[in-house]
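Below are the chains, spelled out letter by letter.
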Amino acid sequence: MDFLLDEKLNIVKRSVRSFCEREIQPIARDIDHEARFPWEVVEKMGKLGYFGIQAPQELGGAGMDTVTYCIIIEEISRVCSGLGLCVTVHNSVGVYPLVAFGNDEQKKRWVTPLARGEKIGAFCLTEPNIGSDAAGVESTAIRNGDHYIVNANKVLITNGGVADICLIFTKTDPGAGHKGLSVIVVERGTPGFEIGDLEDLSGNRANPVSSIRLNDCKVPVGNLLGKEGMGMKIGLAALDTGRIGIAAQALGIAQAAMEEGIKYSKERRQFNVPICQHQSVQNMIADMATQVESARLMVYRAAAKRDRGLPFSKESAMAKLYASEVAGKVTDMALQIHGGYGYIKTYPIERFYRDARVTRIYEGTSEIHRVVIARSILDEYK
Amino acid sequence: MSLKIIICIKSVVTSAPEGRVVRTMDNCILNPFDRPAIEMALRLRETEGGTVTAVTMGPETGTIALYEALSMGVDRAVLVTDRAFAGSDTLATSKTLSAAINRLKPFDLVIFGARSSDSDTGQVGPQTAVFLDLPVITGVKEITRKGDELIVERHIDEYSEKYSLRLPGVVAVHPRAMQPRDAALSMVEKAFKKDPIEKVGLKDLGISSQGLGESGSPTRLVSMSKIKRKKKCEFINGSPEEQADELVKRIKSGGYLS
Ligand SMILES: Cc1cc2nc3c(=O)[nH]c(=O)nc-3n(C[C@H](O)[C@H](O)[C@H](O)COP(=O)(O)OP(=O)(O)OC[C@H]3O[C@@H](n4cnc5c(N)ncnc54)[C@H](O)[C@@H]3O)c2cc1C
């Protein structure tokens with residue numbers, strides 16, 4: 001058992017960090033403020049392979065493992081969580097289901113441009129009336145000869161404003177409950193494909209989260225992923241993987257917040273000493289560091305299990321639950337260390353505090369994760 | 001003209017707690033001064049064709065530098081390592097490196113970084129050139145080809161010089177010569193997929209251990225300690241304009257602005 005990063009992981013961590021600090025850090029505050037998707041760095045990230053981290057090299061990806069993937073998401077999110085979100089959603093619930101369930105033709109057509117970052121992917125499950133209860137989606141894809149006619153109203157879609165290739169969760173058999181769920185790939189530009197206004201988000205504002213509406217979109221049957229009725233299976237597989245990415249995102253935010261808290265505690269003086277010499281502040285520093293480190297171990301372990309081909313559903317749910325809650329606590333403590341200055345936008349901690357909040361909501365809320373984990377534990381102790 | 005380029009690089013330590021240097025995979029990185037040198041090698045390969053081979057001399061942790069170089073895009077990596085080389089100073093290092101470079105003959109150009117961030121001498125490049133009996137140009141900002149020769153631009157103090165270099169030759173690259181590229185993820189993956197690091201020991205070099213390692217090193221580090229600098233706080237008086245002028249003057253005379 002080895003808890004240390006090997007040479008490769010060290011190199012990846014350093015090179016992603018150096019890229020992010022050089023290219024993203026200087027604009028991170030502005031793109032949050034302006035809610036702007038920074039194409040200029042996204043293009044560079046694409047050339048470096050950030051949009052095809054785990055896609056096979058034959059398909060234009062980097063072919064890396066999940067632990068490496070986590071380190072990359074962690075490092076991007078440490079500097080800009082909105083871009084971390086973009087990259088992890090694109091890779092884990094955009095590209096991965098296509099690699100795992102697509103046929104050769106679909107992989108060539110979609111995975112390669114996605115992996116090269118030439119196209120951006122999105123995963124469209126949530127609807128106005130459907131969130132946690134995914135099986136209830138109301139959108140439909142009705143087969144008509146060699147086409148489906150797709151009608152869908154998808155909301156809160158990460159990357160929605162820039163998405164080229166969308167995985168749509170929809171019912172091909174509306175009467176059949178979750179067995180009627182299927183995933184159909186719809187490309188932007190298909191007649192009837194409409195991107196809604198960007199959401200005015202609290203955090204992760206560099207990400208163009210929007211609604212996507214499909215009005216009588218005529219989509220070839222060749223765009224069906226897997227078979228009809230496989231929607232639930234594909235969705236669960238995608239989300240198991242996606243959760244590790246969100247956990248890594250939360251970890252990156254927590255790491256960034258902790259670093260800011262520590263830095264500030266050494267600079268700020270009260271009662272004639274730097275505030276880091278006050279015991280209450282030290283307690284927060286100790287708690288932040290301990291929580292970040294334990295979240296990191298859980299994230300890497302879930303990833304390591306996935307890399308070995310072992311079941312990792314429970315571990316990924318635990319890592320996501322824990323890391324997202326740690327991100328909440330650590331950003332809160334780090335903001336507290338900043339005192340009143342933490343509550344104004346001058347210091348980055350204010351942004352991290354907003355960014356962290358949603359990690360407890362998307363790709364399964366904390367409550368739903370507890371349900372999943374408890375179910376799996378109760379099963380084990382039958 | 002296709003060029004066979006050798007680039008000499010080093011793994012440096014990023015921290016030496018309590019003045020003790022313990023090299024581990026965690027605290028070693030590719031010498032930052034070698035990055036622009038690797039970049040120069042790769043750009044020459046892109047324009048002229050040819051190959052780039054990275055060579056490092058040192059303990060096992062030297063592989064870090066080699067993997068980073070492979071991740072940037074060099075074709076081949078050689079680790080020169082042997083107990084006999086332990087404790088080498090810059091002279092013994094240069095001697096060993098020159099033997100390793102001679103083993104890679106024929107080559108056209110040997111490239112070095114300006115210096116290393118952990119020992120900071122800048123001696124290894126020029127000394128190795130002497131052992132190889134080849135011309136050397138330091139402070140190199142740019143290389144272009146003209147016929148069989150390379151036109152080498154060198155920056156020193158406030159001047160730029162141009163040399164024409166007949167090959168084979170040696171250059172040491174200016175730290176700000178060019179922005180080194182980021183490693184593409186697929187290149188990092190490829191660097192580790194094949195097992196590309198060739199190890200070369202004393203026997204392979206076919207030289208005697210005389211004049212190598214610690215016994216072959218005329219200089220010896222006696223001790224190392226952190227320099228304690230006194231911090232000084234000064235107040236600049238006058239009107240805001242006068243204060244600003246004075247501040248700019250001091251920043252300029254301190255060499256912080258050019
Ligand atoms: C920034 C952002 C990006 C997003 N990106 C995407 C995306 O790319 N694709 C996509 O499809 N969706 C996306 N979402 C949607 C997100 O996944 C959902 O918001 C989330 O799944 C929760 O669904 P809901 O908002 O409808 O909440 P609801 O399901 O209505 O839940 C409301 C509350 O009730 C609780 N609750 C519900 N059911 C139970 C239960 N059985 N037991 C206990 N508690 C329960 C929840 O935990 C929560 O506290 C995104 C959301 C945001 C904010």
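What counts as what
Residues numbered from 1 in each chain as written. Chains lettered and ligands numbered in written order. Predicted model: local features only at pLDDT ≥ 70, side-chain atom pairs only at ≥ 80, totals over all residues. Heavy atoms only, no water. Helix = DSSP H or I, 4+ residues; strand = E, 2+ residues; numbered from the N terminus. Buried < 20%, exposed > 50% of the residue type's maximum accessible area, 1.4 Å probe, protein only. Contact = heavy atoms within 4.5 Å. Areas by Shrake-Rupley, 256 points an atom, 1.4 Å probe, with all protein chains shown as cover. Phe/Tyr/Trp six-rings, centres within 6.5 Å; stacked < 30°, edge-to-face > 60°. Buried area = accessible area lost by both parts, 1.4 Å probe. Salt bridge = Lys/Arg side-chain N within 4 Å of Asp/Glu carboxyl O. Nonpolar A, V, L, I, M, F, W, Y, C, P; charged D, E, K, R; others polar. Pairing = 2+ DSSP bridges. Axes fitted to C-alpha atoms, helices over the stretch in contact; angles between N-to-C directions. Patch = residues over 30% accessible without salt bridge, like charges linked within 9 Å, V, L, I, M, F, W, Y side chains within 5 Å. Parallel < 35°, antiparallel > 145°, perpendicular 65-115°, else oblique. Left-handed = near helix turned anticlockwise from the far one by under 90°. Near = heavy atom within 4 Å. Polar contact = N/O pair within 3.5 Å; in protein donor to acceptor, adjacent residues only side chain to side chain. Domains from an automatic or database assignment. Arc of directions from axis to C-beta.

Peer 1: Which residues make up the overall build of chain A, and what values go with them?
Peer 2: If you tally the helices and strands in chain A, you get 10 helices and 10 strands. With the C-alpha coordinates of chain A rotated into their principal frame, the extents come out at 80 × 50 × 40 Å. Across the 382 residues of chain A, 58% fall into the buried class. Taking the contacts inside chain A whose residues are at least 6 apart along the sequence as the reference set, 73% of them involve residues at least 24 apart. Just so you have it, chain A exposes about 16200 Å², and 52% of that area is on carbon and sulfur atoms.

Peer 1: Tell me about the packing of aromatic side chains, and please be specific about residues and values.
Peer 2: All names here are of chain A. The tally for this structure, following the rule as stated, stands at 6 aromatic pairs over all chains. Aromatic pair Phe37 and Trp39: ring centres 4.9 Å apart, planes at 90 degrees, arrangement edge-to-face. With relative accessibility at 9%, the residue Phe37 sits in the buried group. Measuring from centroid to centroid gives 6.4 Å for Tyr341 and Tyr347, while their planes differ by 70 degrees, and the two rings are edge-to-face. Looking at Tyr341, the relative accessible area reads 39%, which means it is partly exposed. Clustering of aromatic rings is evident, with ring pairs tying together Tyr264, Tyr341 and Tyr347.

Peer 1: Give a description of the interface of chain B and chain A that names residues and reports values.
Peer 2: Facing the 20 residues of chain B at the interface are 23 residues of chain A. Together chain B and chain A conceal approximately 1700 Å² of surface at their shared face, both sides included; 57% is due to carbon and sulfur atoms. Broken down residue by residue, the surface that chain B buries against chain A is led by Asp182, Leu185 and Glu189 of chain B, which jointly contribute 39%. Inspection of the chain B/chain A interface yields 3 salt bridges. Every element with two or more residues in the side of chain B that touches chain A is listed here: β3 (28-30), α2 (62-72) and α5 (185-193) of chain B. Here the side of chain B that touches chain A gets 7 residues from one element, more than from any other, and that element is α5 of chain B. A class-by-class count of the residues in the side of chain B that touches chain A yields 10 nonpolar, 4 polar and 6 charged.

Peer 1: Quick one: what's the story with the sheet that holds strand β4 (residues 50-57) of chain B, residue by residue and with numbers?
Peer 2: All names here are of chain B. Sheet architecture is open: 9 strands sit in the order β9-β8-β7-β10-β6-β1-β4-β5-β11, paired in mixed fashion. Only two strands of the sheet have a single partner each, and these edge strands are β9 (159-165) and β11 (197-200). Strand after strand, the sheet turns through a mean of 30 degrees between neighbouring axes, direction not considered. Each of β6 (109-113), β7 (136-146) and β10 (169-173) touches helix α4 (residues 124-132); the most contacted strand, β6, lies at about 155 degrees to it.

Peer 1: I'd like a rundown of a nonpolar patch on the surface, residues and numbers included.
Peer 2: Residue and element names in this part refer to chain B. Residues Leu247, Ile251, Tyr256 and Leu257 make up a contiguous nonpolar surface patch of about 430 Å² in total accessible area. Secondary-structure assignment places Ile251 in helix α7 (residues 240-253). Its relative accessible area of 33% is what places Ile251 among the partly exposed residues.

Peer 1: Which residues make up the pattern of salt bridges, and what values go with them?
Peer 2: What the rule picks out here adds up to 44 salt bridges over all chains. One salt bridge connects Glu380 of chain A with Lys314 of chain A, and the closest N-O pair in it is separated by 2.7 Å. Within this pair, whereas Glu380 of chain A is found in helix α10 (residues 366-380), its partner Lys314 of chain A is found in helix α8 (residues 313-337), the two being separated by 66 residues in sequence. In this structure Glu380 of chain A comes out as partly exposed when scored by relative accessible area, which is 47%. Between Arg115 of chain B and Asp120 of chain B there is a salt bridge, and its shortest N-O distance comes to 2.7 Å. One network of salt bridges, in which partners are shared, links Lys13, Arg17, Glu74, Glu75, Glu293 and Arg296 of chain A.

Peer 1: How would you sum up the packing of helix α1 (residues 34-48) of chain B against α2 of chain B? Please name residues and give values.
Peer 2: Residue and element names in this part refer to chain B. Between α1 and α2, whose axes approach to 11 Å, the crossing angle comes to 40 degrees. Between α1 and α2, the angle is such that the two are oblique. The element α1 and its partner α2 pack so that their crossing is right-handed. Here Arg35, Ile38, Glu39 and Leu42 of α1 come into contact with α2, specifically with Glu68, Ala69 and Met72.

Peer 1: Describe in detail the site of the ligand, supporting the description with residues and values.
Peer 2: Residues and elements named next belong to chain A. Residues in close proximity to the ligand total 16 residues, the closest being Phe123, Thr126, Ser132, Leu156 and Thr365. Contact distances for the ligand include 2.7 Å between a nitrogen atom and a backbone N or O atom of Leu156. In the model, an oxygen atom of the ligand is placed 2.7 Å from a nitrogen or oxygen of the Glu367 side chain. Protein contacts shield 63% of the accessible area of the ligand, which totals 970 Å² for the unbound molecule. Of all the elements in the fold, those that place two or more residues in the shell around the ligand are β1 (121-124), β3 (147-157) and α10. Class assignment for the residues of the shell around the ligand results in 9 nonpolar, 5 polar and 2 charged. Shared between two domains, the shell around the ligand holds at least three residues of each, these being domain 2 (122-228) and domain 3 (232-380).

Peer 1: For the domain arrangement of chain A, give the residues involved together with the corresponding values.
Peer 2: Many analyses report the size of an interface as the accessible area lost when the parts associate. All names here are of chain A. Under the domain assignment used here, chain A contains domain 1 (7-119), domain 2 (122-228) and domain 3 (232-380). On a C-alpha basis, the centres of domain 1 and domain 3 stand 20 Å from each other. Listed by partner, the interface residues are 27 residues for domain 1 and 32 residues for domain 3. In total, domain 1 and domain 3 occlude about 2400 Å² of area from one another, counting both sides; carbon and sulfur atoms represent 61% of this. The largest share of the area that domain 1 buries against domain 3 comes from Glu74, Arg78 and Phe101, three residues that together contribute 23% of it. Across the domain 1-domain 3 interface, the total number found is 3 salt bridges. Between Glu74 and Arg296 there is a salt bridge whose closest N-O contact spans 2.9 Å. Inspection of the domain 1/domain 3 interface yields 10 residue pairs in polar contact (both at pLDDT 80 or more). For the side of domain 1 that touches domain 3, the secondary-structure elements that each account for two or more residues are α1 (7-34), α3 (66-79) and α4 (81-101). The element best represented in the side of domain 1 that touches domain 3 is α3, accounting for 10 residues. Among the residues forming the side of domain 1 that touches domain 3, the class breakdown is 14 nonpolar, 6 polar and 7 charged.

Peer 1: Describe in detail helix α2 (residues 39-48) of chain A, supporting the description with residues and values.
Peer 2: Of all the residues in α2 of chain A, the buried ones are Val41, Val42, Met45, Gly46 and Leu48 of chain A. For α2 of chain A, the arc enclosing every buried residue in end-on projection is 165 degrees, short of the 170-degree limit, so these residues lie on one face. For α2 of chain A, the exposed residues set more than 90 degrees away from the buried face come down to Glu43 and Lys47 of chain A. Contacts from the buried residues of α2 of chain A go to α1, α3 and α4 of chain A together with α5 of chain B. Residue Gly49 of chain A follows α2 of chain A closely and has a positive phi angle near 95 degrees.

Peer 1: Account for the pairing of β7 of chain B, naming residues and giving values.
Peer 2: All names here are of chain B. Where β7 and β10 come together, 3 bridges link them in parallel fashion. Its bridge partner lying in β10, Ile137 is registered against Val171. Hairpin connection between β7 and strand β8 (residues 149-156): a loop of 2 residues separates the two successive antiparallel strands, and Gly147 in this loop has a positive phi of roughly 60 degrees.

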